[in-house]
Amino acid sequence: DAGVIQSPRHEVTEMGQEVTLRCKPISGHDYLFWYRQTMMRGLELLIYFNNNVPIDDSGMPEDRFSAKMPNASFSTLKIQPSEPRDSAVYFCASSLGQGGNEQFFGPGTRLTVL
Amino acid sequence: TQLLEQSPQFLSIQEGENLTVYCNSSSVFSSLQWYRQEPGEGPVLLVTVVTGGEVKKLKRLTFQFGDARKDSSLHITAAQPGDTGLYLCAPRSGNTPLVFGKGTRLSVIA
């Protein structure tokens, strides 16, 4: 299995631009999570999906952030417009069931907003 | 709101030394996971503990879940440079998603 795939690995953009981050979860997993990691705040859950349906988006910081999961094998996290304070590493993770089950993380996308 | 604290935040030790890192909260958890994150990668699960007082060993790593299920510790014996990374605890309460601590950043110097 290829594991969770994220693209791009690095993104540098200017303030005000739209940014789209992509994730392909592990085949067969029914939960997908988007996280943001910074030194100051650690690893924060932004939103998670179950069977492609958003369950909890209370971690999404502002309306500038949106996430979609059009099918079981693809999800996007969009920031529009981007701001310098959005600079962070964004991780996608997937799991089979929730409970105490293992979450498998992708390698992350390092976003820099100038 | 659940308060989750990991300590120490940073730890730098020599190869061969022993160390313990902690994960503490004011809440009772149904289970707790420990993850390790290496530079440039995502976190990887090390262990899940479920029962109060439970002790699990993974080679040189020993994990303990507190009797009251509010805290956990990770002890590494004879640390090696390959143990370098960010150690994250992630407790769960009921059916809610994992909440990750800020982690302990460990550096083992050869």
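This text gives an overview of the structure that appears in the document. (Residues numbered from 1 in each chain as written. Chains lettered and ligands numbered in written order. Predicted model: local features only at pLDDT ≥ 70, side-chain atom pairs only at ≥ 80, totals over all residues. Heavy atoms only, no water.)

What follows concerns the interface of chain B and chain A. On the side of chain A, 20 residues touch chain B, which itself brings 21 residues to the contact. Note on chain B versus chain A: buried area summed over both sides is about 1,500 Å², and carbon and sulfur give 53% of it. Counting the surface chain B buries against chain A, the share from its top three residues, B:Pro97, B:Phe100 and B:Lys102, is 29%. At the boundary of chain B and chain A, one finds 5 residue pairs in polar contact (both at pLDDT 80 or more). At the level of elements, β4 (31-37), β5 (44-49) and β9 (85-92) of chain B are the ones that each hand at least two residues to the side of chain B that touches chain A. (Contact = heavy atoms within 4.5 Å. Buried area = accessible area lost by both parts, 1.4 Å probe. Polar contact = N/O pair within 3.5 Å; in protein donor to acceptor, adjacent residues only side chain to side chain. Helix = DSSP H or I, 4+ residues; strand = E, 2+ residues; numbered from the N terminus.)

The subject of this paragraph is the sheet that holds strand β7 (residues 61-65) of chain B. Residues and elements named next belong to chain B. Reading across from one edge, β1-β3-β8-β7-β6 is the order of the 5 strands in this open sheet, with antiparallel pairing throughout. Whereas interior strands pair on both sides, the edge strands pair on one side only; in this sheet they are β1 (4-7) and β6 (55-58). Averaged over all pairs of adjacent strands, the angle between their axes in this sheet comes to 15°, without regard to strand direction. Where strand β3 (residues 19-25) meets strand β8 (residues 71-76), 6 bridges bridge the pair, whose relative direction is antiparallel. The residue of β8 that forms the bridge with Asn24 is Asp71. (Pairing = 2+ DSSP bridges. Axes fitted to C-alpha atoms, helices over the stretch in contact; angles between N-to-C directions.)

By themselves, these figures tell us nothing about what the structure is for.
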